[in-house]
Protein chains: 2
Amino acid sequence: MRSDARDNRAKIVAAAIDIIEQQGTMASLNEIAKRAGIGPGTLYRHFPTRDELLAEVLVAWVARVEAAADATVITSKSDLVDWLDRLALVSNEYRGLAASIAAVADDADSPLQSAHSATLRANDRVFAQGRAIGLFEGPVDAGTVGRLVTGVAMVTEQAALSAEQTRAMLEVVLDGLLVRAASSVQS
Amino acid sequence: MRSDARDNRAKIVAAAIDIIEQQGTMASLNEIAKRAGIGPGTLYRHFPTRDELLAEVLVAWVARVEAAADATVITSKSDLVDWLDRLALVSNEYRGLAASIAAVADDADSPLQSAHSATLRANDRVFAQGRAIGLFEGPVDAGTVGRLVTGVAMVTEQAALSAEQTRAMLEVVLDGLLVRAASSVQS
DNA sequence: ACCTGAACACCGTTCAAGT
DNA sequence: ACCTGAACACCGTTCAAGT
């Protein structure tokens, strides 16, 4: 890789982080190119699809999601709600992010796959803690949980819901999960 | 209203129904105008915003939602899941519909408000049946239910989920609602 | 090998000019 | 009073021409 190419690539990613932070995952690629000080063709040369660029922008995000899961200690049911809440929040860290990741759920070859599977794994680990301390016993389908949280994140963004409205949904979701997994703790 | 104006309005709505059925709520307005055989300016004269046009397209849809609620008889918990399933399906009748309606949730003056409140009322009536036959006793927040179903509908579309995956989410949601409303029926 | 930027076919939206 | 359709500022995307 030539040094000017390497420089340009870095400039594109920096500009993308900047602009996607402000405008969301659907931000104009031409605008990102302009902000990076390069021609649109150069952006396409380095990132033939929007998702490839987005994947690069999300590298730090994925790390943060995994760190959040690692830092989470579950000692009660409300800790699990807190976790789901945090996950929904993080899924909306950039506008359109939840939708961008959801759109890729069944495409194993997508450059965004690591972002998608990172949230699944994070969820899995946290729920494993819940099981370990006896909050429930039966199986909890990680896919269903992930999809529910994504759905909650998507409405939250689209309808500009308050934190309380979002949490109310997640409490319902968690209660549903716990009943179905034969929770030993009620209410 | 002049007769040519009335004709044009009807042609626009017919074209909009056609094209929105195929392409979803975000279909190109210029394309709708072209299909209607009129200039784009004429479309904007009759429908200054996309939502005003969409509201017209949804008149029949709203009637169908209310008819569906009227035709629904709840005799068991699984009937309620069936209802939620039906509501999610109907929310995705046009691509982008769930999102279009959600975006308008807190705007009482939106032309789409009748579409939004129709789903809320429909839900309310069906859940009232559930309460009447003793499936639960406590209050169920219609807003929370509506948002959850919308969220489920949105992920379903975005991630191209199967009917089974969607239903799995709705079963969790309903169980959560019932626990929180002090259900007298378990599993 | 890589970059530029004009060009293409589209958007939504407006508005002078027509009838 | 209503309609037309060219025009504007934008998209995403491509590709000849440059270095």
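We now turn to the structure provided with this report. Treat the numbers as computed from the prediction; the structure is a model and nothing was measured.

## Details of helix H2 (residues 29–36) of chain A
Residue and element names in this part refer to chain A. Among all positions of H2, only Leu 29, Ile 32, Ala 33 and Ala 36 are buried. One side of H2 holds all its buried residues, which, seen down the axis, span an arc of 100°. Those residues of H2 that are exposed and aimed more than 90 degrees away from the buried face are Asn 30 and Lys 34. Its buried side turned inward, H2 meets helix H1 (3–23), helix H3 (40–46) and helix H4 (50–57). Between a side-chain oxygen at the N-terminus of H2 and the backbone nitrogen of Asn 30 the separation is 3.3 Å; the capping residue is Ser 28. Directly after H2, the chain includes Gly 37, whose backbone phi takes a positive value near 80°.

## Comments concerning the protein's contact with DNA strand C
Near DNA strand C there are 21 residues, and of these Arg 2, Asn 8 and Thr 42 of chain A together with Asn 30 and Tyr 44 of chain B occur at the shortest range. Restricting attention to atoms of DNA strand C within 4 Å of the protein, one finds that 64% of them are sugar or phosphate atoms. Within the side chain of His 46 of chain A, one N or O atom sits 3.2 Å away from a phosphate oxygen of DNA strand C. At 2.8 Å from a phosphate oxygen of DNA strand C is found a side-chain nitrogen or oxygen belonging to Tyr 44 of chain B.

## Points about the interface of chain B and chain A
In many analyses, interface size is given as the accessible surface area lost on bringing the parts together. Opposite the 28 residues of chain B that make contact, chain A presents 28 residues. Roughly 2400 Å² is buried in total at the junction of chain B and chain A, and carbon and sulfur atoms are behind 72% of that figure. Where chain B touches chain A, the interface holds four salt bridges. One salt bridge connects Asp 175 of chain B with Arg 180 of chain A, and the closest N-O pair in it is separated by 2.6 Å. Linking chain B to chain A there are two residue pairs in polar contact (both at pLDDT 80 or more). Counting residues per element, the side of chain B that touches chain A draws most heavily on helix H10 (residues 163–180) of chain B, which supplies eleven residues. Per-class residue counts for the side of chain B that touches chain A are 16 nonpolar, seven polar and five charged.

## With respect to the side chain of Asp 175 of chain B
Relative to the assigned elements, Asp 175 of chain B resides in helix H10. Exposure remark for Asp 175 of chain B: the relative accessible area of 9% places this residue in the buried category. Reaching out from Asp 175 of chain B, the side chain makes a polar contact with the side chain of Arg 180 of chain A at a distance of 2.6 Å. The residues contacting Asp 175 of chain B, other than those within four sequence positions of it, are Gly 176, Val 179 and Arg 180 of chain A together with Lys 77 of chain B.

## A short note on the protein's contact with DNA strand D
Taken together, 21 residues sit near DNA strand D, with Asn 30 and Tyr 44 of chain A together with Arg 2, Asn 8 and Thr 42 of chain B positioned nearest. When atoms of DNA strand D within 4 Å of the protein are split into backbone and base, the sugar-phosphate part holds 64%. At 3.1 Å, a side-chain N or O of Ser 28 of chain A approaches a phosphate oxygen of DNA strand D. At 2.2 Å, a side-chain N or O of Asn 8 of chain B approaches a phosphate oxygen of DNA strand D. Residue assignment for the surface near DNA strand D shows that the elements contributing at least two residues are H2 and H3 of chain A together with helix H1 (3–23) and helix H3 (40–46) of chain B. The leading source of residues in the surface near DNA strand D is H3 of chain B, at five residues. A per-class count over the surface near DNA strand D returns eight nonpolar, eight polar and five charged.

About the criteria used
Residues numbered from 1 in each chain as written. Chains lettered and ligands numbered in written order. Predicted model: local features only at pLDDT ≥ 70, side-chain atom pairs only at ≥ 80, totals over all residues. Heavy atoms only, no water. Buried < 20%, exposed > 50% of the residue type's maximum accessible area, 1.4 Å probe, protein only. Helix = DSSP H or I, 4+ residues; strand = E, 2+ residues; numbered from the N terminus. Arc of directions from axis to C-beta. Contact = heavy atoms within 4.5 Å. Polar contact = N/O pair within 3.5 Å; in protein donor to acceptor, adjacent residues only side chain to side chain. Near = heavy atom within 4 Å. Buried area = accessible area lost by both parts, 1.4 Å probe. Salt bridge = Lys/Arg side-chain N within 4 Å of Asp/Glu carboxyl O. Nonpolar A, V, L, I, M, F, W, Y, C, P; charged D, E, K, R; others polar.

Function cannot be read off these values alone, since they describe shape.
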